[in-house]
There are 2 protein chains.
Amino acid sequence: MASLGELERAVMDLLWAGHEAATANTLRDRLATTTEANGDAAGHEGKELAVTTVLTVLSRLEKKGLVERERGTRPHRYQAVSSREDHTAELMHEVLGSAPDREAVLARFIGSVTDSEAETLRKLLGHI
Amino acid sequence: MASLGELERAVMDLLWAGHEAATANTLRDRLATTTEANGDAAGHEGKELAVTTVLTVLSRLEKKGLVERERGTRPHRYQAVSSREDHTAELMHEVLGSAPDREAVLARFIGSVTDSEAETLRKLLGHI
DNA sequence: GCTACTTTTCTACGATTCGTAGAACTTTGA
DNA sequence: TCAAAGTTCTACGAATCGTAGAAAAGTAGC
C-alpha cells in the first residue's frame, strides 16, 4: 500500500542515510548534491528543487506513515519512522504474505539467495 | 517496476490458480463469480466486466512481462509467465536488493518469521 | 465469396498518484 | 510591528489503472 515515487524514494534514502532529523531545507540541499543517479560525468549538478516541493513529498511520506515530523520546533524536523532495514524487511513480509503458500515462496526465495546470504540466514536461524 | 492494480491482480490470481491457459472470455466469467472479496452475503454476484476490459488488462500484463499469450489459436489463450511462488519470490528479491545492507535486512526479516517458516528455512538451507 | 458473428486492437476518459511549485497563510526574529 | 523564513493549500501535467466503445480483423456457414 506504500510504493514510492522517485523523489519520495530519494528523500527516504537521505533520511535513512544520515539518520538524525533533518529540515526541508537541508534535504533540498542534499537532494541537489546527491544526484549520483546517472552516468554522465562532471559538470552535472542536480538542480535545486523548490522547498515547497520537498515539503510536499515530506507531507505525503508522513501520510504514508514513513516519516514523522517534530511540529514543536519551527523549522520542522523530519525523520524516518523506521530504519531502512526494518522498512525493507517489513516490505518483504508484505510481499511474502501476498501469496497463499508462503513456504513455497520461501523455497523459491532461498533458491536464489547468494552464498553469503545463505550463511547469514543459517546463523540467524540458530545453527553453526 | 511492476506493481499491480486491483483488477490486474485479480486476473493474475485467476491465471495462477487454475494454471492452464485461459481465454479472455473465460476469465471474464470467472471474475464475475470469484468476487469473494467482500463480506456481504448471498445475492451478490460480481457484475460482468466487458471482455474488452479484460483484454486490456491482459495486454497490460503482457507488456509487464507477467502474462504471455498464444497468438496462434484464435481465441488467444493467456497464461502466467511464472508461477505465483516464483513471481513472489522474485519480488521479495527485488525488495531485498533495494537496500544496501542486505544482510541487515535479512536479520530483521528472519526476526518476524513464524516458527514453522523458520523451520522450513532451516531445512531449505541444508540443515537438520 | 459474402455475411453474421467472434475476437482483437485502438482510442479514450475519469480517478488516483507523483513531481513540481506558486500563492497564501503563519511564525519568528529584530 | 515588519520583514524574512517556514508551512499549508491549491493546482497542474504526466503516468497508471479501471473501464469500455468503435473499429478492424478473423471465422464459419451459406
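The text that follows walks through the structure, step by step, so that each part is easy to find. Quick caveat: nothing in here was measured; it's all calculated off a predicted structure. (Residues numbered from 1 in each chain as written. Chains lettered and ligands numbered in written order. Predicted model: local features only at pLDDT ≥ 70, side-chain atom pairs only at ≥ 80, totals over all residues. Heavy atoms only, no water.)

### Considerations on the relation of the copies chain B and chain A
Which entries qualify depends on this criterion: Least-squares superposition aligns the copies on the C-alpha atoms of those residues with pLDDT at or above 70 in both. Two residues qualify as a contact provided that any one of their heavy atoms is within 4.5 Å of a heavy atom in the partner residue.
Taken as rigid bodies, chain B and chain A are interconverted by a rotation of 180° and an axial shift of 0.0 Å, the fit giving an RMSD of 0.1 Å. The relationship between the two copies is best expressed as a two-fold rotation axis. Every residue of chain B has its C-alpha some distance from the rotation axis, and the shortest such distance is that of Met92(B), at 2.7 Å. The residues that chain B uses at the interface reappear at the interface of chain A in 100% of cases, marking a shared surface.

### So, the protein's contact with DNA strand C
The test is simple: To be near a molecule or strand, a residue needs just one of its heavy atoms within 4 Å of it. A 3.5 Å cut-off defines polar contacts: any pair of N or O atoms within that distance qualifies, except that in protein one atom must be a possible hydrogen donor and the other a possible acceptor, and neighbouring residues in sequence count only when both atoms are side-chain atoms. Secondary structure is summarised from DSSP: a helix means a run of H or I of at least four residues, a strand means a run of E of at least two, and numbering begins at the N terminus for each. Any residue that is not Ala, Val, Leu, Ile, Met, Phe, Trp, Tyr, Cys, Pro, Asp, Glu, Lys or Arg is counted as polar, Gly included; the first ten are nonpolar and the last four charged.
Of all residues adjacent to DNA strand C, which total 23 residues, the nearest are Glu6(A), Leu7(A), Arg60(A), Arg69(B) and His76(B). When the atoms of DNA strand C within 4 Å of the protein are sorted by group, sugar and phosphate make up 58%. Backbone polar atom of Glu8(A) to a phosphate oxygen of DNA strand C: 3.4 Å apart, as the coordinates give it. At 2.7 Å, a side-chain N or O of Arg69(B) approaches a phosphate oxygen of DNA strand C. The set of elements that each furnish at least two residues to the surface near DNA strand C consists of α1 (6–17) and α3 (51–63) of chain A together with α3 (51–63) of chain B. Taken together, the residues of the surface near DNA strand C break down into six nonpolar, eight polar and nine charged.

### Describing the side chain of Thr120(B)
Within the fold, Thr120(B) resides in helix α6 (residues 115–124). Side-chain polar atoms of Thr120(B) contact the side chain of Glu103(A), separated by 2.6 Å.

### Overview of the pairing of strand β2 (residues 77–80) of chain A
To keep it simple, the criterion reads: Relative accessibility decides the category of a residue: with a 1.4 Å probe and only protein chains considered, values under 20% of the type maximum give buried, values over 50% give exposed, and everything between is partly exposed. Strands pair, by our definition, only if DSSP identifies at least two bridges between them.
The alternating pattern of β2(A) places Tyr78(A) and Ala80(A) on a buried face and Arg77(A) and Gln79(A) on a face that is not buried. The hairpin formed by strand β1 (residues 67–70) of chain A and β2(A) contains six residues between the paired strands.

Nothing here speaks to function; it is geometry throughout.
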